[in-house]
Amino acid sequence: MTAAATTTDAPARVETRATATAGRRRGRRIALYAFVVFMAVTWLFPLAWAVFSSLRPYAETQLHGYISWPSALNLDNFVNAWNQGNFPQFYLNTVIITIPSVIITLIISSMVAYAVSRFSWRFNLLVLMIFTAGNLLPQQVIIVPLYRLYLALPIPRVISDNGLLYDQWIGIILIHIVFQMGFCIFVLSNYMKTLSKELTEAALVDGASVLRIWASVIMPLCRPALAALATLEFTFIYNDFFWALVLMKSGDRRPITSALNNLQGEFFTDFNLLAAGALLAAIPTILVFVALQKHFISRLTLGSSKG
């Protein structure tokens, strides 16, 4: 009698445990979704508030404060920010600084990463460590000696109208290349290590030079990694304000981040206008990410799997 009852109750207990397990999994899933939604709202709220403020006339803000729904929304702040901030000129300055910096950084970094990851020589690990350690150096540590160097080091007037690196686009480009190379070399070297060495050996057997192997074999295979790094580097360099502020004195040569200063008055700042200017300044980085998001998302774990 007891054995029969135990046998009869066993499926019920199993079903109860399964139901309890499914309930716990459902509860964890709901908690996870709630956390993800909360974090998404937290991150998107400042952007949504900036869009709302940029579309709101300042007269409405002045009358009713920032926390109130306006009677009308328009694009006047964007038009005023574009004209007062002289955005076309600053966009051009940013292109002149950012595009060469990104291209040269990726080319040199890929060469160094190719050397330290695909060939065994005495100092390859040391070179990689030096570049990686240099990437960890805070920018503020070297600003005083770098500033004096830029004022004292003469360069040909063909590339500098004042014969110095100071207050020149070439000076800003060089410092971006130097500071961004460490990160790019570290990422690319890890990515290149996942590529089959038989490719390099076969190209060497066929008589290809080291430079030819880098250009014709390694670089095409690293295209997804280069696209992901190009997205990051474009964002890093585009958003820079520190180096342009310290190493350039001519306001009309500075990048787009400096254009926002033109929207601030000496005694008064229209934050609705400033929000519109900030959104205009952010458009190129958004477009670059949208264009390269496939490679960027697929390579968030660069080097974790073969290309």
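Conventions we followed
Residues numbered from 1 in each chain as written. Predicted model: local features only at pLDDT ≥ 70, side-chain atom pairs only at ≥ 80, totals over all residues. Heavy atoms only, no water. Helix = DSSP H or I, 4+ residues; strand = E, 2+ residues; numbered from the N terminus. Buried < 20%, exposed > 50% of the residue type's maximum accessible area, 1.4 Å probe, protein only. Contact = heavy atoms within 4.5 Å. Areas by Shrake-Rupley, 256 points an atom, 1.4 Å probe, with all protein chains shown as cover. Salt bridge = Lys/Arg side-chain N within 4 Å of Asp/Glu carboxyl O. Patch = residues over 30% accessible without salt bridge, like charges linked within 9 Å, V, L, I, M, F, W, Y side chains within 5 Å. Lys, Arg positive; Asp, Glu negative; His and termini not counted. Charge placed at Lys NZ, Arg CZ, Asp CG, Glu CD. Core = buried A, V, L, I, M, F, W, Y, C linked by side-chain atoms within 4.5 Å.

Draft legend 1. Representation of the overall build of the protein chain within the structure. Summing up its helical and strand segments, the protein chain has twelve helices and zero strands in all. When the helices and strands of the protein chain are read in sequence order from the N terminus, they spell out α-α-α-α-α-α-α-α-α-α-α-α. Looking at the protein chain as a whole, 35% of its 307 residues qualify as buried. Of the contacts made within the protein chain by residues no fewer than 6 positions apart, 71% connect residues no fewer than 24 positions apart. Per element, the accessible surface of the protein chain, about 18,300 Å² overall, is 69% carbon and sulfur.

Draft legend 2. Spatial organisation of the pattern of salt bridges. This structure, assessed with the given rule, holds one salt bridge. The partner of R253 in a salt bridge is D161, and the shortest N-O contact between them spans 2.5 Å. In this pair, R253 is assigned in the loop between α11 (242–247) and α12 (271–298) and D161 in the loop between α6 (143–152) and α7 (169–193), connecting sequence segments 92 residues apart. Assessed through its relative accessible area of 47%, D161 is described here as partly exposed.

Draft legend 3. Expanded view of a positive patch on the surface. Together, R24, R25, R26, R28 and R29 make up a region of like positive charge exposed at the surface. By the element assignment, R24 lies in helix α1 (residues 2–54). A relative accessible area of 48% places R24 in the partly exposed class.

Draft legend 4. Broad picture of a nonpolar patch on the surface. Nonpolar side chains collect at one region of the surface, where V95, I99, I103, I104, I107, I108, M111 and L211 lie side by side and expose about 640 Å² of accessible area between them. Ranked by residues supplied to the nonpolar patch, first place goes to helix α4 (residues 87–118) with seven residues. With respect to the helices, strands and loops of the structure, M111 is situated in helix α4. Given a relative accessible area of 37%, M111 falls into the partly exposed group.

Draft legend 5. Structural view of the nonpolar core. With 37 residues, the main nonpolar core has F87, L106, L188, M192, I218, C222 and I256 as its most contacted residues. If near-sequence neighbours (up to four positions away) are discounted, M192 is found in contact with S110, A113, Y114, S117, R118, I218 and C222. Counting 20 residues, the second largest nonpolar core, distinct from the first, contains L128, L165, I172 and I185.

So, to be careful, I would describe these as geometric facts and stop short of saying anything about function.
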